[in-house]
Each structure stands twice: as C-alpha cells, then as structure tokens.
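What follows is the residue order along each chain.
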Amino acid sequence: MPKLNHILVFSAAVVALLTSCNKEFKKNNFTAYFGGEVINPTNPYILFCKDQKVIDSFKLDQNNRFFMKFDSLTPGLYSFKNEPEYQYVYFDKNDSIMVRVNAKDFDNSIVFCGRGDQKNNFLMDLYLKNEDDRGKIFDVFDYNVANFLKNIDSSYASREKFYSAKKAEIQWSDDFDVYARAALDFHHYSKKEIYPLAHLMRTGNDVYESLPKDYYFYRKTIDYNNTRLSGYMPFVTYLSHMLNNVAAIHYHNHYSPVDMALRTNINKLNIADTLIKDPTVKNIVLNNIAFTYLLEDQNMVNNQKFLDTYYKFSTDKSKKNEIFKIGNAIQLLKSGNTLTDVDLVDKNNQPFALSQIGNKKTVIFFWTENLSSHYLSAHRKVLAFQSAHPDYQFIAINLDKDQKKWTDNLGNIKSGNILELRTTDFEDLKAKWAITKVHRTIILNQDGSIKNAFTNLFDVDFEKELE
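I will try to describe carefully the structure that is included in this document. Since the structure is predicted, the reported quantities are computational estimates derived from the model, not experimental observations. (Residues numbered from 1 in each chain as written. Predicted model: local features only at pLDDT ≥ 70, side-chain atom pairs only at ≥ 80, totals over all residues. Heavy atoms only, no water.)

Thoughts on the sheet that holds strand S2 (residues 45-50)
No. 1: Here we have 4 strands laid out as an open sheet, ordered S3-S2-S5-S6, and antiparallel in their pairing. The open sheet has two free edges, formed respectively by strand S3 (53-59) and strand S6 (85-91), since each of these has just one partner strand. Between one strand axis and the next, the sheet turns by 25° as a mean value, whatever way the strands run.
No. 2: As judged from the 3 bridges shared by S2 and strand S5 (residues 76-82), these two strands associate in the antiparallel manner. Of the residues in S5, the one forming a bridge with Leu47 is Lys81. (Pairing = 2+ DSSP bridges. Helix = DSSP H or I, 4+ residues; strand = E, 2+ residues; numbered from the N terminus. Axes fitted to C-alpha atoms, helices over the stretch in contact; angles between N-to-C directions.)

Quick word on the sheet that holds strand S8 (residues 111-115)
No. 1: The strand order across the open sheet formed by 4 strands is S4-S1-S7-S8, and the pairing between neighbours is mixed. Two strands lie at the open edges of the sheet, namely strand S4 (65-70) and S8, each paired on one side alone. In this sheet, neighbouring strand axes are inclined to one another by 15° on average, regardless of whether the strands run parallel or antiparallel.
No. 2: Direction of pairing for strand S1 (residues 32-39) relative to strand S7 (residues 96-102): parallel, over a ladder of 7 bridges. Bridging from a neighbouring strand, Val38 pairs with Val101 of S7.
No. 3: This element, helix H3 (residues 117-136), spans S7 and S8 of the sheet and lies at about 160° to S8. (Contact = heavy atoms within 4.5 Å.)

Focus on the packing of helix H5 (residues 174-203) against helix H6 (residues 233-247)
No. 1: Contact pair H5 / H6: the axes reach a minimum separation of 9 Å and the direction vectors enclose 20°. With respect to H6, the element H5 is oriented roughly parallel. By crossing handedness, the relation of H5 to H6 is classed as left-handed. When H5 is examined against H6, the residues Ala182, Ala183, Phe186, Tyr189, Ser190, Glu193, Ile194, Pro196 and Leu197 are found in contact with a partner set consisting of Pro234, Phe235, Thr237, Tyr238, His241, Met242, Asn244 and Asn245.
No. 2: Residues of the contact of H5 with H6, tallied by class, amount to 11 nonpolar, 5 polar and 1 charged. (Parallel < 35°, antiparallel > 145°, perpendicular 65-115°, else oblique. Left-handed = near helix turned anticlockwise from the far one by under 90°. Nonpolar A, V, L, I, M, F, W, Y, C, P; charged D, E, K, R; others polar.)

Function cannot be inferred from these measures alone, as they are strictly geometric.
The structure is reproduced here in structure tokens:
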C-alpha cells in the first residue's frame, strides 16, 4: 500500500501541474515546467544541465520534491542529476514534465508524466533495453563472425521495430529523432567496433581478415561533427570504441605495455584530429581520450609526451579545462620538486601541513571508503613495507568528505604506525597533485623533494623504489 500512496500523491501533483499549464501558448512563448519527486535522494539538490554544464539547480523540499518554471527554455536535450546519478530529459516547446525516481535504483525507477512524457519514457525504455543487452553481450563476442552478426542483427531488428512503432505512435519532432535514432544505432555500432578486439582478447583468434567487406560501411553514414550529439552518451561511447578499434596497434610485441598504451592513445588523438573538424565536438572527444588515458597511465615521461600531442590539437585553452589542470600539475610533480601544500586534517580534525612530515623518507598513498577492497589491501601492504623499510614513514590520505565516517572507518583498519590524514578539498588535491586514480602513490626523499610522484603500491617492482 505505501507504494500505491506514493503513486497517488505523485499523480495528484501531475494533475495540478497539467491543470496549471493547460492553456494556449503564443508562438514566441517558450515557457516550460519541470518537477518531480526523488525517493531516497543521495543529494539534497537536483541539477539541471545542458551540454554537461549546470544551468539551474532545485533544492528538494521536505517531501523530496522539486518544481521549476522556465520562462524561456530552448527545445532540446537536457539532463538532470541527483549526484552521482544522472539521466536525460528532452523538452519540446512548452513541455511540462514531471519525473519520479528512486535514487537507490535510479535508471530502473524513472517514470515521466505530463506534456512531453511519451518521448522521454521511450528514451528510458530503449536505454534499459540496451543496458540489458549490454549485460548479455560478452559471451556473444566469442562467436565466429557469421554467428556474431546473426545475433546482433536480430537484436537490432527487434529494437528498430520498437523504435518505428513508437515514432509512428508519438509522432515526435525531427530534432528529437536525432537522439532517438542515435540511441538505437550507436549501441549497435559499438558492438561491431568492440567485437574484433574482444574476440581476439577472449579467444586468441584474430578475425580482422575474415570480416565482410561491408562490415564497417556504417562509418560512412555518421556525421562526426554533429554538435547536438557531442555530449550524448550513446555517441560518445561509440566514438570511444571506434577509436580504440582504429588506433589499435597489432604488432604489440615490439613495445612494453606502457609504451604501447602511449602509442595507441597518441594514435587516437591523431585520428580524432583528422576525422572531426567541428572544434566543439573535437575538443570533447580529445578531452575524453586524454582523461581516460591519464586515469590509467602513471608514467611521468609518457604523460608528458601524450600531453604534448594533446596540446597540439586541442583548442580548449580554458583554465577550467580538466586536462590542462592535470598537465600543469604533472609539470610540478617532476623528480626533485617539492609537493605543493594541500588542505589536510588529522583524526582530530586539526589542520596538517606538509612541513610537519619532518626529515624522513616518505610514502604517500590514497584511499576511499567506496573501494573497501582497495583500502584494506593497501593498508595490509603498507604494514608489510613498514617492517621491511623502517627508514620510511607512510602516510594514508583519505579522499572522502565526511570526517566522522572517515574516523569510523579507521576503526575497521589495522593502521599500525601509518599516519592517517584526510583531504578537506579533493578538487584542490586533484588539481595540485594530479590525482586521477586512487591507486596513485607518491614517494618523497628525506629532504622532502619528490622521488617519484607516479608510482603504485601494487606494482610488482614497487619495493625496488624504496631501496
């Protein structure tokens, strides 16, 4: 019964919304309404975004509801976030949309109501069908070429039939169809891009030479400069898979893993620069390539070589550009430099400055409660290093926001003589120390200078760095 009551209350809100908006709109009137209810919210705000930029925010009321009137809202694709989750919502002229979502099962629980609900519920239905298909596709990558194509073509035909029926029923606009068709097509294209690499990795068989001559013909139909799709995840995901495929180096035995990663990702930058001419789309793609690479690679020399190529192609010189921030931080983390101060506190919530470390060789590692297996393993590993290397001190920096949760979690960790600290400003830490992944480890010399700012506790040869 509680669920029924929620639905009745939500329906009443929708009726009130539609009643208040049930009027004729003038030709130049772009008034629109957006509201809804978030069950089990993870954040007290709903962020309303366009092209990945926040354009408005709504504070949830005591009943976890929100409502906003836009005096002028340009028709198009938007997204709404209850961080960390998000989903898309499309507005035609004068749409009045309500959404109900349970943040504990964000995507599966979303229901749209009101003027403009049908097309948005279609996008959600197609998204969930694609997600379900994505979960079942891995074994299909083991199939031979003929059986693989038979499987994915059958799946695509089923979704295209669903798309065509809804398009005829709802009679949506040509602009909305850009996104509807993209959600249908790019999921299918992504599977075709992934298959040769995944098949080789899973079975050891290289099928490139046995692919039909028309296997990649769909690439010729794609407008890689379509700015409307530049931030749309089905398109962005496809581009990532396509670049992985095209940029792959097949004579990989000639290179070490880190050098091959560098060459492959520089290939991606070159291909993106050649393929995409629109600066907005190109910068988004270049940024995605760069951020993904910098999340994985922790080699100082290779990072700089990669960034040199990135800077050559990117026209996004904004100080807000995440990649430029990381690049600037990497420059400051060269061996022999001194770490820039960041905001840290101890277990008593007292400020801790790097100058308090003293004249002792130091290892700094990071952890978060969101990765419990990592922080437990990292602490166990460090306790072993402490015994073998008593000339080093070890500092663990927690990346979470909540001081009490952090200190509570410390009760479940064997810390020994590890100095436990927490950053109070992760964005500042990320900007100054180029922390793009929790596995990063920093080693300092006895005088406090940097010995290696890009290493990893779990590297096979890590202990050699302590000698």
